[in-house]
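Topology and contacts: notes
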Amino acid sequence: MLAHARAAHDVAHKTCGTKTLHRPVVRALTVDWEMLGCTTDPDQQLMVMTAAAGSDSHEALHFLASWSGPAPSRRENPTS
């Protein structure tokens, strides 16, 4: 009966919040997240996660990003 009561109740979906992610190398990361929807296709969603500038989580994200290799260089003239 309780499951039926929950199923009949319309619950608003959260579209933003704070989440803690656990990664072995940097341990816990605290990020703010926001879910963005597509007006033309409700099945499409994009989740954006950010860490507060200067926070331990922000520094940890920069550290993890450094593992992906150097940023691609921009050439002055891409045709040469």
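Preceding this section is the structure that the text describes.
As the structure is a computational prediction, the values presented were derived from the model and not from experiment. (Residues numbered from 1 in each chain as written. Predicted model: local features only at pLDDT ≥ 70, side-chain atom pairs only at ≥ 80, totals over all residues. Heavy atoms only, no water.)

1. Let's talk about the overall build of the protein
This is how the line gets drawn: Elements are defined by DSSP. Helices are runs of H or I of four residues or more, strands are runs of E of two residues or more, and each kind is numbered from the N terminus. Residue exposure (1.4 Å probe, protein chains only): buried if accessible area is under 20% of the type maximum, exposed if over 50%, otherwise partly exposed. Note on areas: these come from Shrake-Rupley sampling with a 1.4 Å probe, and a residue is covered only by the protein chains present in the view.
The number of helices and strands found in the protein is two helices and three strands. Looking at the 80 residues of the protein, the share that counts as buried comes to 10%. If you sum the accessible surface of the protein, you get close to 7,300 Å²; carbon and sulfur atoms cover 56% of it.

2. Here's the deal with a nonpolar patch on the surface
Which entries qualify depends on this criterion: Only residues whose relative accessible area exceeds 30% and that form no salt bridge enter a patch; like-charged residues are grouped when within 9 Å of one another, and nonpolar side chains (Val, Leu, Ile, Met, Phe, Trp, Tyr) when within 5 Å. By salt bridge we mean one thing: a side-chain nitrogen of Lys or Arg within 4 Å of a carboxyl oxygen of Asp or Glu.
Judged by side-chain polarity, Val25, Phe63 and Trp67 come together as a nonpolar surface patch covering roughly 330 Å² of accessible area. With respect to the helices, strands and loops of the structure, valine 25 is situated in the loop between strand 1 (16–23) and strand 2 (27–37). Given the relative accessible area of 45%, valine 25 is considered partly exposed.

3. Some thoughts on the nonpolar core
Short version of the rule: To form a nonpolar core, buried Ala, Val, Leu, Ile, Met, Phe, Trp, Tyr and Cys residues must be joined to one another through side-chain atoms within 4.5 Å. The contact criterion used is simple: two residues touch if any of their non-hydrogen atoms lie within 4.5 Å.
Judged by nonpolar contacts, Leu21, Val26, Leu29, Val31 and Ala60 together constitute the single largest core of five residues. Sequence-distant contacts of leucine 29, that is, excluding residues within four places in its chain, are made with Lys19, Thr20, Leu21, Arg23, Ser57, Ala60, Leu61 and Leu64.

4. Brief notes about the pairing of strand 1
Selection rule: Following DSSP output, two strands are said to pair if at least two bridges run between them.
Bridge count between strand 1 and strand 2: eight bridges; the pairing is antiparallel. Bridging across to strand 2, threonine 20 finds its partner in threonine 30. Taking the residues between adjacent antiparallel strands as the criterion, strand 1 and strand 2 are bridged by three residues.

5. Here we look at the sheet that holds strand 3 (residues 45–50)
Operational definition: Angles run from 0 to 180 degrees between N-to-C directions of axes, and those axes are lines fitted to C-alpha atoms, restricted for helices to the stretch in contact.
Sheet architecture is open: three strands sit in the order 1-2-3, paired in antiparallel fashion. Bordering the open sheet on either side are strand 1 and strand 3, each of which pairs with just one other strand. Averaged over all pairs of adjacent strands, the angle between their axes in this sheet comes to 35°, without regard to strand direction. Sheet topology note: the strand 2/strand 3 ladder contains six bridges and is antiparallel. Of the residues in strand 3, the one forming a bridge with leucine 36 is leucine 46.

Shape descriptors only; they carry no functional weight alone.
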